[in-house]
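For reference, the chains in residue letters:
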Amino acid sequence: MSLAVRYNTAGTAGQPSPNIWGDCPVEKSLIAPDELTYLYDTFLNNFTANEVILGNWLVVGTNPDTAIVTDEADGVINISGSAAGDDEAYLCSNMLCNEVIKKGSNKRLWFEASIKLDDADADVSIICGLGESALMAAEAIADDPTSYPTSALADYDFIGFMAGTDGTNMGGFDSVYHQDGDSGTVTIVKADCLANSSTDNDDTYIKLGFKFDGKQTVTFYVNGTANGTTLDIDDLTGDKLDDALGIIIGIKDDVGGADDLKIDWVRFACDKVASGR
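None of these values were measured; they are calculated from a predicted model.

Some remarks on the nonpolar core
Then step 1. The biggest cluster of nonpolar side chains holds 53 residues, and the ones touching the most others in it are Leu109, Ile159, Phe173, Ile247 and Phe268.
Then step 2. Counting 17 residues, the second largest nonpolar core, distinct from the first, contains Ile127, Tyr148, Ala154 and Ile248.

A look at the environment of Thr12
Then step 1. Relative to the helices and strands, Thr12 is located in the segment before helix 1 (18-21).
Then step 2. Between the alpha carbons of Thr12 and Gly104 there is a distance of 33 Å; along the sequence they are 92 residues apart.

Section: the packing of aromatic side chains
Then step 1. Applying the stated rule across the entire model yields five aromatic pairs.
Then step 2. Ring centres of Phe111 and Phe210 lie 5.3 Å apart, and the angle between their planes is 35°; on these two criteria the pair is classed as tilted. Of this pair, Phe111 sits in strand 7 (residues 109-117) while Phe210 sits in strand 12 (residues 206-212); the two residues are 99 residues apart in sequence, bridging distant segments of the chain.
Then step 3. Using a relative accessible area of 0% as the deciding quantity, one classes Phe111 as buried.
Then step 4. Seen from their ring centres, Phe210 and Phe220 are 5.7 Å apart, and the 45° between their planes marks the pair as tilted. Within this pair, whereas Phe210 is found in strand 12, its partner Phe220 is found in strand 13 (residues 217-222), the two being separated by ten residues in sequence.
Then step 5. Every member of this aromatic cluster is reached through a ring pair, and the members are Phe111, Phe161, Phe210 and Phe220.
Then step 6. A cation over an aromatic ring shows up here: Arg267 above the ring of Trp21, its NZ or CZ 4.3 Å from the ring centre.
Then step 7. Against the face of Tyr40 rests Arg267, its NZ or CZ located 5.7 Å from the ring centre.

Side note on unusual backbone geometry
Then step 1. The amide bond that connects Tyr148 to the next residue, Pro149, takes the cis arrangement and shows omega of 10°.
Then step 2. In this structure, Pro149 sits in the loop between strand 8 (124-131) and strand 9 (158-163).
Then step 3. For Phe43, which is not a glycine, the phi torsion comes out positive at approximately 60°.
Then step 4. With respect to the helices and strands, the residue Phe43 is situated in the loop between strand 1 (36-41) and strand 2 (53-54).
Then step 5. We classify Phe43 as buried; its relative accessible area is 10%.
Then step 6. At Asp239, a position not held by glycine, the phi torsion is positive, near 60°.

Some points on the pattern of salt bridges
Then step 1. Throughout the structure, instances matching the rule amount to twelve salt bridges.
Then step 2. Note that Lys116 is salt-bridged to Glu72, the shortest N-O span being 3.2 Å. Linking Lys116 in strand 7 with Glu72 in the loop between strand 4 (65-68) and strand 5 (77-80), this pair joins segments that are 44 residues apart in sequence.
Then step 3. You can call Lys116 buried: its relative accessible area is 9%.
Then step 4. Judged by its relative accessible area of 24%, Glu72 falls in the partly exposed class.
Then step 5. Between Glu99 and Lys102 there is a salt bridge, with its nearest N and O atoms 3.4 Å apart.
Then step 6. In this structure Glu99 comes out as partly exposed when scored by relative accessible area, which is 26%.
Then step 7. The exposure class assigned to Lys102 is partly exposed, which follows from its relative accessible area of 31%.
Then step 8. Connected through shared salt-bridge partners, Glu88, Glu139, Asp143 and Lys252 make up one network.

Points about the sheet that holds strand 3 (residues 57-60)
Then step 1. On the basis of which strands lie adjacent, the open sheet formed by eight strands has the order 2-3-6-15-8-9-10-11 and antiparallel pairing. This sheet does not close on itself; its edge strands, each paired only once, are strand 2 and strand 11 (187-194).
Then step 2. Relative to strand 6 (residues 87-97), strand 3 runs antiparallel, the two being bridged by three bridges. Residue pairing in the sheet places Val60 in a bridge with Tyr90 of strand 6.

As for the pairing of strand 6
Then step 1. Of all eleven residues making up strand 6, nine are buried, and the element is well covered by its neighbours.
Then step 2. Where strand 6 and strand 15 (residues 245-253) come together, eight bridges link them in antiparallel fashion. Residue pairing in the sheet places Tyr90 in a bridge with Gly250 of strand 15.

About the cut-offs
- Counting from 1, residues in each chain are numbered in the order their sequence is written.
- Whole-chain, interface and lining totals are the exception, using all residues; otherwise, since this is a predicted model, local features are given only for residues with pLDDT of at least 70 and side-chain atom pairs are given and counted only at 80 or more.
- Think of the side-chain values as coming from all heavy atoms in the structure, minus any hydrogens and water.
- Only buried residues count toward a nonpolar core. Its members are Ala, Val, Leu, Ile, Met, Phe, Trp, Tyr and Cys residues joined through side-chain atoms within 4.5 Å.
- Only protein chains enter the accessibility calculation, which uses a 1.4 Å probe; a residue whose area is less than 20% of its type maximum is buried, one above 50% is exposed, and one in between is partly exposed.
- Every helix listed is a DSSP run of H or I at least four residues long, and every strand listed is a run of E at least two residues long, numbered separately from the N terminus.
- Pairs were defined over the aromatic rings of Phe, Tyr and Trp, the Trp ring being its six-membered one, requiring ring centres within 6.5 Å. Orientation was assigned from the angle between planes: stacked under 30 degrees, edge-to-face over 60, tilted for the rest.
- Put simply, a charge is over a ring when the Lys NZ or the Arg CZ is close to the ring centre, within 6 Å, and near the line of the ring normal, within 35 degrees.
- Salt bridge, as applied in this entry: a Lys or Arg side-chain nitrogen positioned within 4 Å of an Asp or Glu carboxyl oxygen.
- Strand pairing is assigned whenever DSSP identifies at least 2 bridges connecting the two strands.

Below is the structure:
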């Protein structure tokens, strides 16, 4: 029996994208776990609502709420604030990689998550990607960051995607990075990777992902398709992100509407040793 592997497609809405994951040696997580860090969570385990520990995840923020989404199959969790202005919730992992996103490291990295905002008109800000441990706390996203991308985040390392509010509505998703010392101002790699619209963002799952080739380039993907603008590691101060990084996905409700962010699944991998590729 033959097994067809789709290495170069966007993939279906509910599944990780072959364009990102086709070259990830997932089998190493079983046969050589000392060579690859690998995580794939579809949130099938039960948990108690509003606890700060959800399985392997930590929930932080100002008055965060969490819940199992009972009317969707295959595991979905919901995070939100508790209806007051600037309430927030962030789902955070342990640190997963150290000095991987570094020019010439030969350590590759892959990340993707499937998330959904119930209301595209919400006055919220969202982050989805990798951040250092100090970012994983209340006020990871600045209160009412209407000056986005200026003073949008706490002043710690982050790479991934962000959508900031204009004081009335959430904007589109940008691919961004931030380094210590940038005073919370994120650098936009590509603006409007996914523009905010009722068609694209209103009660619709989106896949946000990126991968690093271990050499010099980070490529960002939306719904499994490369967005056309890459990050050259030369653009980073010191040609790297200095701090150990873990997953952070979260929402800040700027006006207190108790808006929800649903997370269907998260996938991450990185080389622990130089791949030689």
